[in-house]
Amino acid sequence: MGLKPTIPAFLDPAYNISDFAVSVTFASAATGYDNATSESVIPLWKQLEFYKDYQRRLRGYLGESKASQTISEALHLISIGTNDFVENHYAFPGRSAEYSITGYQNFLAGIAENFLRKLYGLGAQKISFGGLPPMEFMPMEGTANIMSGYDCVESYNNVAMEFNGKLYNLVAKFNKELAEIKLIFSNPYYIFLHIIRNRSLYGR
């Protein structure tokens, strides 16, 4: 497919638009749907602004027709959301005081829906929308609860599954509503849980 071993980062000065015409990432580690999660990293809305700038540069490089074809045929991969829960709602009092866990899930799902609509409006048609992995054995949560004698927080798994259900319904809604979109829900939950709970099979 002509992809590099590492997908070039949009802000990396070592790459230019000729590289980005093949593949590019706008990801920022530790970001989230919620702007409050992303205070020290690049928030989701800013990544979308970078994507708009990328499209402008791509049209200048390939021309309007070829750039539009590249965008519509490209696979857009989205994986986000874990930090909204483990490093925001659970770790700090702000959002947890403002929202119940169900209310916060609905708040994030609303942001996800708006983001997908904007992405589709910019020409993206093939989208893999990622859900949450199991959060019970996340290192941050295990460390936070070690004084209580726990090395995992199993109840967080229920939150992940509930939120994934909301995202799955959102994907189904979009596929029904928008004829041209090819949107799939990529659920990492069960394969990650299998690996975690059977880690001896994988050399751990």
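Quick caveat: nothing in here was measured; it's all calculated off a predicted structure.

1. Notes on the overall build of the protein
In step 1: Looking only at helices and strands, one finds 9 helices and 3 strands in the protein.
In step 2: When the helices and strands of the protein are placed in sequence order, the string is α-α-α-β-α-α-α-β-α-α-β-α.
In step 3: A compact globule built from 204 residues should have a C-alpha radius of gyration of about 17 Å, and the protein, at 19 Å, falls within 12% of that.
In step 4: Each principal axis of the C-alpha atoms in the protein carries an extent, and together these give about 60 × 40 × 30 Å.
In step 5: Scored against the burial criterion, the 204 residues of the protein give a buried share of 40%.
In step 6: Summarising the internal contacts of the protein: among those between residues at least 6 apart in sequence, 63% fall at separations of at least 24.
In step 7: Of the roughly 11,500 Å² of accessible surface on the protein, a fraction of 55% belongs to carbon and sulfur atoms.

2. Describing the pairing of strand 1 (residues 75-78)
In step 1: Of the two faces of strand 1, the one holding His76 and Ile78 is buried and the one holding Leu75 and Leu77 is not buried anywhere.
In step 2: As paired strands, strand 1 and strand 2 (residues 126-130) are joined by 4 bridges and run parallel to one another. From the neighbouring strand, Leu77 faces strand 2, where its bridge partner is Ser128.

About the criteria used
Residues numbered from 1 in each chain as written. Predicted model: local features only at pLDDT ≥ 70, side-chain atom pairs only at ≥ 80, totals over all residues. Heavy atoms only, no water. Helix = DSSP H or I, 4+ residues; strand = E, 2+ residues; numbered from the N terminus. Rg over C-alpha atoms; globule rule 2.2 N^0.38 Å. Buried < 20%, exposed > 50% of the residue type's maximum accessible area, 1.4 Å probe, protein only. Contact = heavy atoms within 4.5 Å. Areas by Shrake-Rupley, 256 points an atom, 1.4 Å probe, with all protein chains shown as cover. Pairing = 2+ DSSP bridges.

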